[in-house]
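Next come the chains, spelled out residue by residue.
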Amino acid sequence: MDFKRIEVIFLIVFFSLDIFLFLSFRNSQQLVSSSSTNTSTITEMKKRNITFGNLDTKNGYAYYLGSQPDEALAQNVGKLRNQKVSYEDTNRSISSTLSNPIKITSTDKVATMNKFIKKESNVLFGKDYKYSPQLSSGSQMVYVAVSGLGEVYDKTAQLTFSVSNNEVVGYTQTYVKTLIILHEKQAIKSEKDIITNIYANSEIPNNSRIAYANLAYTKLLEAKDSTIYIPVWFVTIKNKDSKVVTVKKVNAFTGNIIKSSTNGDSSYNAQG
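Description of the structure in this document. (Residues numbered from 1 in each chain as written. Predicted model: local features only at pLDDT ≥ 70, side-chain atom pairs only at ≥ 80, totals over all residues. Heavy atoms only, no water.)

Looking at unusual backbone geometry
Here asparagine 49, not a glycine, exhibits a phi torsion of approximately 60°, which is positive. Inspection of the secondary structure assignment puts asparagine 49 in the loop between helix 2 (35–47) and strand 1 (61–62). Classification of asparagine 49 as partly exposed rests on a relative accessible area of 34%. (Helix = DSSP H or I, 4+ residues; strand = E, 2+ residues; numbered from the N terminus. Buried < 20%, exposed > 50% of the residue type's maximum accessible area, 1.4 Å probe, protein only.)

Okay, here's the thing in structure tokens:
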């Protein structure tokens with residue numbers, strides 16, 4: 001391994017990160033933070049029929065993480081069996097069509113696929129993924145990467161099964177072998193701060209339910225083939241009237257709602 005080259009790459013990454021931090025804090029929105037304001041906001045939300053569970057008030061800590069591209073999938077793709085597999089070098093991703101589609105039901109799908117991914121001839125590095133109901137839909141079962149540093153909600157480290165007529169017919173996969181801490185841990189906004197801030201910015205309609213509020217890492221930017229990840233709150237809002245589900249993404253460090261096209265909101269029709 002060329003450690004001198006890695007050192008130069010991460011110096012560039014740090015420089016890019018510093019620029020982002022400066023711009024982020026310069027343009028950051030004022031987060032609703034006082035206890036009294038949060039309490040009144042919660043009361044107002046309830047009056048507007050916005051429902052949610054107990055909101056965590058702990059701020060917690062998280063990191064800026066980095067990764068470098070590796071060939072782990074390409075080097076091990078030959079281990080896969082009973083599927084037609086192609087490897088895409090640009091995105092370092094696998095696309096697979098199963099020779100024998102897997103029958104699933106709404107009650108057994110998670111247990112069935114959890115068992116399936118544990119076998120290396122079915123899915124590479126399956127033990128490094130966890131099912132995410134928040135990111136899944138009727139046509140997709142999404143598994144996210146997990147590590148000792150947290151979960152990764154990002155297409156650079158994701159296992160997505162395609163579902164058709166109650167059968168899993170194939171999957172796509174990306175993989176990050178190692179996540180590196182780029183900066184010492186920093187305080188992050190609490191779940192309660194995030195939810196009240198989203199509401200204060202008129203991003204939660206009346207007659208809605210907060211279905212999920214999960215903290216995970218997602219890609220911020222790329223620099224010299226290296227990827228920087230930041231902690232983001234993923235908040236799923238289900239409209240009780242229209243049944244539309246919207247995922248809001250919020251920078252856990254600054255409390256800013258992420259609006260860009262690559263990391264923006266996503267909507268789909270709820271199943272059932």
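Right, picking up where we left off after that structure.
Some details on the packing of aromatic side chains
Going through the model one piece at a time under the given rule, you end up with eight aromatic pairs. Seen in terms of ring centroids, tyrosine 129 and tyrosine 175 are 6.3 Å apart; in terms of plane orientation they differ by 45°. Their pairing is tilted. Placement of the pair is tyrosine 129 in strand 5 (residues 129–131) and tyrosine 175 in the loop between strand 9 (167–173) and strand 10 (180–181), with a sequence separation of 46 residues. Residue tyrosine 129 shares its accessibility class with tyrosine 175, and that shared class is buried. Arranged with centres 5.6 Å apart and planes meeting at 65°, the rings of phenylalanine 161 and tyrosine 171 form a pair that is edge-to-face. Linking phenylalanine 161 in strand 8 (residues 158–164) with tyrosine 171 in strand 9, this pair joins segments that are 10 residues apart in sequence. Ring-pair connections join several aromatic residues into one group, and the members of that group are Phe116, Tyr131, Tyr143, Phe161 and Tyr171. One Lys or Arg, lysine 185, reaches over the ring of tyrosine 61 and ends 5.2 Å from the middle of that ring. (Phe/Tyr/Trp six-rings, centres within 6.5 Å; stacked < 30°, edge-to-face > 60°. Lys NZ or Arg CZ within 6 Å of the ring centre and 35° of its normal.)

Observations concerning the side chain of lysine 248
Its place among the elements puts lysine 248 in strand 14 (residues 244–251). By relative accessible area, which is 8% here, lysine 248 ends up buried. One polar contact links lysine 248 to glutamate 203, side chain to side chain, over a distance of 2.8 Å. (Polar contact = N/O pair within 3.5 Å; in protein donor to acceptor, adjacent residues only side chain to side chain.)

A closer look at helix 5 (residues 191–200)
In terms of burial, helix 5 is a largely internal element, eight of the 10 residues being buried. When we look at burial in helix 5, the residues that qualify are Glu191, Asp193, Ile194, Ile195, Thr196, Asn197, Ile198 and Tyr199. Remark: serine 202 follows helix 5 within two positions and exhibits a positive phi of approximately 60°.

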